[in-house]
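Architecture at a glance
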Amino acid sequence: MLDKYGIAKRIAKELKDGFYVNLGIGIPTLVANYVPEDVEVILQSENGLLGIGPFPFEDDVDADLINAGKQTVTTTKGSSFFDSAMSFGMIRSQRVNLTVLGAMEVSQNGDIANWKIPGKMVKGMGGAMDLVASAENIIVAMMHSNKAGESKILKSCSLPLTGVACVKKVVTELAVLEIKDGKFHLIERAPGVSVEEIISKTEGELVVPDFVPEMEI
Amino acid sequence: MLDKYGIAKRIAKELKDGFYVNLGIGIPTLVANYVPEDVEVILQSENGLLGIGPFPFEDDVDADLINAGKQTVTTTKGSSFFDSAMSFGMIRSQRVNLTVLGAMEVSQNGDIANWKIPGKMVKGMGGAMDLVASAENIIVAMMHSNKAGESKILKSCSLPLTGVACVKKVVTELAVLEIKDGKFHLIERAPGVSVEEIISKTEGELVVPDFVPEMEI
Amino acid sequence: MNKVVKNVEEALHGIEDNMTIMLGGFGLCGIPENSINGLIKKGVKNLTCISNNAGVDDFGIGLLLKTRQVKKMIASYVGENAEFERQLLSGELDVELIPQGTLATRCMATGYGMPAIYTPAGVGTEVAEGKETRIFDGKTYLMEMAFKSDFAIVKAWKGDTHGNLIFRATSRNFNPLMAMAGKITIVEVEELVPAGDLDPDMIHTPGIYVNRIFQGKDYEKRIEQITITQK
Amino acid sequence: MNKVVKNVEEALHGIEDNMTIMLGGFGLCGIPENSINGLIKKGVKNLTCISNNAGVDDFGIGLLLKTRQVKKMIASYVGENAEFERQLLSGELDVELIPQGTLATRCMATGYGMPAIYTPAGVGTEVAEGKETRIFDGKTYLMEMAFKSDFAIVKAWKGDTHGNLIFRATSRNFNPLMAMAGKITIVEVEELVPAGDLDPDMIHTPGIYVNRIFQGKDYEKRIEQITITQK
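The present account deals with the structure reproduced in this document. (Residues numbered from 1 in each chain as written. Chains lettered and ligands numbered in written order. Predicted model: local features only at pLDDT ≥ 70, side-chain atom pairs only at ≥ 80, totals over all residues. Heavy atoms only, no water.)

1. Quick notes on the overall build of chain C
What counts, and what does not: What counts as a helix is a DSSP run of H or I of at least four residues, what counts as a strand is a run of E of at least two, and both are numbered from the N terminus. Atoms counted for the radius of gyration: C-alpha only. Globule rule: 2.2 Å times the number of residues to the power 0.38. Buried means the residue's accessible area, taken with a 1.4 Å probe over protein chains only, is under 20% of the maximum for its type, while exposed means over 50%, and partly exposed covers the values in between. Contacts: residue pairs with any heavy atoms within 4.5 Å of one another.
For chain C, the helix and strand inventory stands at six helices and 11 strands. In terms of overall dimensions, chain C is globule-like: its C-alpha atoms have a radius of gyration of 18 Å, near the 17 Å expected for 231 residues. Projected onto its principal axes, the C-alpha coordinates of chain C cover approximately 50 × 50 × 40 Å. Burial statistics for chain C: of 231 residues in total, 65% are counted as buried. Of all intrachain contacts in chain C linking residues separated by at least 6 positions in sequence, the fraction that spans at least 24 positions is 72%.

Pasting the structure below:
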């Protein structure tokens, strides 16, 4: 079973050299720490920055320089700043090659819910609806089940949707799932996790091949 | 009767302090030479410049710095450069207070034709269609008649239109005409020009008040 | 062409109860601090505020919520604000949440004289309810309308007396977009310079979009989440 | 992330007969001189060219017309070009004239992932023929579609190895818009610098939109109309 760092590590393996990548808040942000050495990616922050660098040293903290999670960051060589309309222009015109974001629920046709729990929590969708509606390549980083032990990998989402039929891949603490033809496809299992456990914790329709490799991270 | 400089001088009297103004090619460009002393205007060039300055001295000619007529120009204090989408954004959102342009024909409901003579001349509309469709305040600088002596101040235009019901005022070598309620209204006559001459050279419906002042230029 | 007003009071002249106001900034980054404080002092009520976020409890637009000057909030993300959540759940505050890119682009549409835009954001979600959809090249888009607002209030890094603006780093965010979208645009700047001091090639917002500009003061520039790398 | 190609031949790789190509510039200002010469050398034919103007008889896109490499020209203004007029009137050249602001905004729409835009330009004229109109707030607009092109070729003043671009004065014009609109975007620059040399606040086109960049040479930068003030 993976912890959140493991999930981030596994997702980092999806990065290809030259990719422009948008990483959402939470586990997705951690992906930046595991970019393979032979791969150069440029991170996009939808508030208006291409080329997010590491967190600043204490003396270099700059209130004018934050990422979409409102954390202080730095720039890298070749960074650029732009307004939010251009930022989402890049996203809508699919110049961003990969989007990684968290989710509360994902369904077998690729729907995603991550912005609202009616009557309980309304934080807003921020840029998530734009990202999922536009990106060609969307990976969701999430836990397989909620705290009550109920699967979040569903036949259909119960929460208000963020986007429809958009998620391509899901990486959880248990498995890597691909979504196609309206089904989840189990393509890798986390170290030490059995196929049976994954099946039992997946509510949505799951296609399981004869051999499910353990993921290498 | 006015020459082209006189027409430009008369139009310059329409400028108000703080106006952003777009001047078309030809007579309209000359208006810049007659801005009243107590009036500050900023000239917009639709290729991407706010704050057009005078022509450069010979040594300062810069191939990268031209106006919409492709003439070399300079900047003024407070100039800015921008791309053509933003330039027409300013125009469409009516931040440009006054547009002055030339015309081949104008009709009594404010239609204007100035970009094409079928079978003979096709230069294109450039930015004229955007300007006339957007500007709230459009003044046309033109000659009252063509070389054959035929009126260009018409009931309806015979040439392909540039814009519909958009012209507010016409200044010719003979008169200042206002367009409202689907008619031309004679509001000033050029020095030494009789009302009768203006009537005889105006094909469109012309409302003539009892007293028509001679213009002061 | 001098657009300089002498202080925030003069800058905010004409803002009245029930008006719609855009406020630049993302989180607490690049927000018009002087003007927000000025609005509180002015005491105008029942405002509709368009801003990406609602600040935090004791800073930014959060201050205007505390004083109950806001009737409706149009934003994309409003987390991190307990008073906001309380007013929302109790029904005191009307809230319209819209996707961040839609928010940004609807501002731009106004400034560019485009009455509506098409975006895929929100298709198939509750954001699409009551909105026209249209398919282009097999993909479904929502038609979203340009914003109408009475005033836009933004913060720039540098500005000149003609209203030309330059923004710094990610404090640019929504500021240049809203600067183009106000019926009247008010700008506060960290540094006000004479026209001619800014490089015309490097201006983010041309002065034509700006009506009033003033030198701000006492910027706190609070940071929502200080994250650092240990040396 | 290095997008540098070593010369114009490599930059133009993949451009084939019958493709649609955008070319930046306004008049002769800011045109991609190296690439235009490269296209002539390459000899690709039946091109559809989207560019605000068609150059003059012996410079700019005029050169491509002379060699009969252009099948169709999409532009806003094509005066000052006798060969163009001859080919147009004789029917050898297909021409679509569209308003300048529409041309610019259709490029931007592509780069911003907006399939269509609304503009009042051309309403009631022959430009509106066959196009959908729509009334917003009592004003009529045309729906105009985002451009599709195989390649966009633009000229920048400075560019870095990541493809970030800065334009100079009015040579900016259509260049940043077309840079966003190509399926593949090729940029030639007067000065190519390492990533990190350009101020991130002052970049007009972020590198994400650029696929290939190269150091141009021997710029003539011809001026269409030299107008001067006598000392």
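2. Points about the packing of aromatic side chains
Selection criterion: Between 30 and 60 degrees the pair is tilted, below 30 it is stacked and above 60 it is edge-to-face, where a pair is any two Phe, Tyr or Trp rings, Trp via its six-membered ring, whose centres lie within 6.5 Å. In this scheme, Lys NZ or Arg CZ marks a charge over a ring once it lies within 6 Å of the ring centre and within 35 degrees of the ring normal.
Scanning the entire structure with this criterion turns up five aromatic pairs over all chains. Between D:Tyr118 and D:Phe136, the ring centres sit 4.9 Å apart and the planes meet at 70°, which makes this aromatic pair edge-to-face. Within this pair, whereas D:Tyr118 is found in strand E5 (residues 116-119), its partner D:Phe136 is found in strand E6 (residues 133-136), the two being separated by 18 residues in sequence. Summarising the burial analysis for this pair, D:Tyr118 and D:Phe136 share the class buried. When the ring of D:Phe136 is compared with that of D:Tyr141, the centres are 5.8 Å apart and the planes differ by 70°; the resulting orientation is edge-to-face. Per residue, the accessibility class of D:Phe136 equals that of D:Tyr141, and both read buried. Here the aromatic cluster, defined as three or more aromatic residues joined through ring pairs, consists of C:Tyr118, C:Phe136, C:Tyr141, D:Tyr118, D:Phe136 and D:Tyr141. The side chain of B:Lys70 reaches across the aromatic face of D:Phe26, ending 4.9 Å from its centre. Geometry around D:Tyr219 places D:Lys155 over its ring, the cationic atom sitting 4.8 Å from the centre.

3. Comments concerning the pattern of salt bridges
The criterion, for reference: Here a salt bridge means any side-chain nitrogen of Lys or Arg lying within 4 Å of a carboxyl oxygen belonging to Asp or Glu.
One pass over the full model with this rule turns up 50 salt bridges over all chains. A salt bridge links D:Arg168 to B:Asp62; the shortest N-O distance between them is 2.6 Å. Remark: B:Asp62 occurs in the loop between strand E3 (49-53) and strand E4 (74-81) and D:Arg168 occurs in the loop between strand E9 (165-166) and helix H6 (175-179); the pair is interchain, linking two chains. The structure contains a network of salt bridges with shared partners spanning A:Asp62, A:Asp64, C:Lys155, C:Arg168, C:Glu190 and C:Lys221.

4. A closer look at the nonpolar core
Quick note on the threshold: The nonpolar core is taken to be a set of buried Ala, Val, Leu, Ile, Met, Phe, Trp, Tyr and Cys residues, with the residues joined through side-chain atoms within 4.5 Å.
By size, the foremost hydrophobic cluster in this structure holds 94 residues, and its most contacted members are C:Met108 and D:Met108. Those residues within four positions of D:Met108 in sequence are excluded, and the remaining contacts are B:Ala85, C:Met108, C:Tyr112, C:Met114, D:Met114, D:Leu177 and D:Met180.

5. Looking at the interface of chain C and chain A
The test is simple: What gets called buried area is simply the loss in accessible area from a 1.4 Å probe that two parts show on being joined, summed for both.
Of the residues lining the interface, 51 residues belong to chain C; the matching set on chain A comes to 50 residues. In total, about 4,100 Å² of surface goes out of reach between chain C and chain A, with carbon and sulfur atoms giving 59% of it. Interface area lost by chain C to chain A is led by C:Phe26, C:Thr170 and C:Thr227, which between them contribute 14%. For the pair chain C and chain A, the interface holds five salt bridges. Between C:Lys231 and A:Asp59 there is a salt bridge whose closest N-O contact spans 3.6 Å.

6. Looking at empty space enclosed by the protein
Selection rule: Here a cavity denotes a set of grid points, spaced 1 Å apart and computed over the protein atoms alone, in which a 1.4 Å probe fits but from which it cannot get out, and a pocket denotes an open set meeting protein on both sides within 12 Å along at least five of seven lines; residues with an atom within 4 Å of a point are reported as lining. Grid points are joined across faces, edges and corners, and a volume is the space filled by probe spheres set on the points.
Counted by the stated rule, this structure contains 11 cavities of 30 Å³ or more. Within this model, the largest cavity holds a volume of roughly 480 Å³. Looking at the lining of the largest cavity, the elements with two or more residues in it are helix H6 (175-179) of chain C together with H6 of chain D.

7. Here we look at the packing of helix H3 (residues 84-92) of chain A against helix H5 (residues 100-111) of chain C
Under the convention used in this document: An axis is simply a line fitted to the C-alpha atoms; with a helix, the fit covers only the stretch in contact. Between two such axes, the angle follows the N-to-C directions and lies from 0 to 180 degrees. Each angle is binned into one of four classes, with values under 35 degrees roughly parallel, values over 145 roughly antiparallel, values of 65 to 115 roughly perpendicular, and all other values oblique. Helix crossings get a hand from a simple test, with the near helix turned counterclockwise from the far one by less than a right angle marking a left-handed crossing and a clockwise turn marking a right-handed one. The residue classification treats Ala, Val, Leu, Ile, Met, Phe, Trp, Tyr, Cys and Pro as nonpolar and Asp, Glu, Lys and Arg as charged. All others, Gly included, are polar.
It is the contact of H3(A) with H5(C), at a shortest axis distance of 8 Å, that shows an interaxial angle of 120°. When the interaxial angle is binned, H3(A) and H5(C) end up oblique. Judged by the sense of rotation from one axis to the other, the crossing of H3(A) with H5(C) is left-handed. Residue-level inspection shows A:Ser84, A:Ala85, A:Phe88 and A:Arg92 of H3(A) in contact with H5(C), the latter providing C:Gln100, C:Gly101, C:Ala104, C:Thr105 and C:Met108. A breakdown of the residues in the contact of H3(A) with H5(C) according to their chemical character gives four nonpolar, four polar and one charged.

8. Comments concerning the pairing of strand E2 (residues 42-45) of chain A
Residue and element names in this part refer to chain A. To keep things clear, this is the line we draw: Two strands pair under a simple rule: DSSP has to find at least two bridges between them.
Alternating positions in E2 separate into two faces, Ile42 and Gln44 on one and Leu43 and Ser45 on the other, with burial throughout. Relative to E2, strand E1 (residues 20-23) runs parallel, the two being bridged by three bridges. Paired with Asn22 across the strands is Gln44, a residue of E2. Judged from the two bridges that link them, E2 and strand E3 (residues 49-53) form a sheet pairing that is antiparallel.

9. Observations regarding the pairing of strand E5 (residues 98-102) of chain A
Residue and element names in this part refer to chain A. Of all five residues in E5, four are buried, a share of seventy percent or more. Pairing between E1 and E5: three bridges, direction parallel. If you follow Leu23 over to E5, its bridge partner there is Val100. Sheet analysis places E5 next to strand E10 (residues 138-141), joined by four bridges and oriented parallel. Bridge pairing in E10 links Thr99 to Ile138.

Purely geometric stuff here, so don't read any function into it on its own.
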